[in-house]
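# Fold and contact review
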Amino acid sequence: MKLHEALNWASSFLTKKGREPQAGELLLRHVLGDLSRTELLLGLDEELLPKQQEAFEAAVQKHGDGVPVQYIIGFEEFYGRRFSVNKEVLIPRPETEELVYEVLQRSMMRFPGIEEIQTVDVGTGSGAIAITLALENSRFSVTTIDIAEESLEVAKKNAEDLEASVRFIHGDLLQPLIEGGEKADIVVSNPPYIPDREIMELETIVKDQEPFRALSGGEDGYVFYRRFMEELPLVLNAQSIVAFEVGHDQGQTVAEMLRVTFPGSVVSVVKDISQKERMVIAEIGF
């Protein structure tokens, strides 16, 4: 089988399975040794070796059965870097890149004279947020917290592979900082926010593959935001930033929670190009 024939087969197979046909290209590039797209296109008339064809067909079958491409190839791109992922962590999404961008931009304006900005990422998963912040701004002293040891192992590997200086803590939300009497200038989090009743309505490739603990926001989706409102006042410095990713219709509710918790703060709801609410950012004490 030639490469172009393999791609045509994969596209047809995945379409019948209700998957994105373009996934076949990612899987083929992976099987061939992580070829670039250009390298793949230049070699479309080349023959697959029998072992390569077998591996490719198996990978396409897996994806057709509902396994995310990222779990098959073992990584996802985030902010221009490659992050290892497996079934213990949520796959990083493009909208979370926007959250990182907003934190970086606002920190430049709000902390111009601070040499070391104490930054905390809560519920780190793959470590994508924490590691990116640490690499994009050397003034960030980044601590990241996760309740799952399995997730922390993935994040630690990513930090090592990407040579990022990040402190990892196993713990529940902000409790480790509260117990240690530590303070933060920035708290950022993409917490689980999907109401439990809606999880069953998600695509099978999400609800049956990605960790439930990274999806479930409790009965109404706000359980972790409510806990943050109790714990944030105990760790934030007088001048600080809180940045949350939220569900598409949760922004105004989370924003009001922050306004009540931090009277006088400037709270903004950031929407994407389709006008869906994507993140809430509170600038406190400025």
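We now turn to the structure provided with this report. (Residues numbered from 1 in each chain as written. Predicted model: local features only at pLDDT ≥ 70, side-chain atom pairs only at ≥ 80, totals over all residues. Heavy atoms only, no water.)

Of all 10 residues in strand β7 (residues 236–245), seven are buried; the element is thus mostly enclosed. Taken together, the six bridges between β7 and strand β9 (residues 277–284) define a ladder with antiparallel strand orientation. Bridging across to β9, V242 finds its partner in A282. (Buried < 20%, exposed > 50% of the residue type's maximum accessible area, 1.4 Å probe, protein only. Helix = DSSP H or I, 4+ residues; strand = E, 2+ residues; numbered from the N terminus. Pairing = 2+ DSSP bridges.)

Quick look at the packing of helix α1 (residues 3–16) against helix α4 (residues 50–64) now. The interhelical angle for the contact between α1 and α4, taken along N-to-C directions, is 20°, at an axis separation of 10 Å. Classified by the angle their axes make, α1 and α4 are roughly parallel. The handedness of the crossing between α1 and α4 comes out as right-handed. Where α1 approaches α4, its residues A6, W9, A10, F13 and L14 are matched on the opposing element by F56, E57, V60, Q61, H63 and G64. (Axes fitted to C-alpha atoms, helices over the stretch in contact; angles between N-to-C directions. Parallel < 35°, antiparallel > 145°, perpendicular 65-115°, else oblique. Left-handed = near helix turned anticlockwise from the far one by under 90°. Contact = heavy atoms within 4.5 Å.)

A separate point is the sheet that holds strand β8 (residues 266–271). Spatially, the seven strands line up as an open sheet ordered β5-β4-β3-β6-β7-β9-β8, and their pairing is mixed. Both edges of this open sheet fall to β5 (166–170) and β8, since each of them pairs with a single strand only. This sheet shows a mean twist of 15° between the axes of neighbouring strands, independent of strand direction. Where strand β3 (residues 117–122) meets strand β6 (residues 184–189), four bridges bridge the pair, whose relative direction is parallel. Note that in β6 the partner of D121 across the bridge is V188.

Okay, unusual backbone geometry next. Positive phi is not limited to glycine here, since D34 has a value of about 60°. Here D34 lies in the loop between α2 (23–31) and α3 (37–42). Although it is not a glycine, Q275 adopts a positive phi angle of roughly 70°. For Q275, the location among the structural elements is in the loop between β8 and β9. For Q275, a relative accessible area of 55% gives the class exposed.

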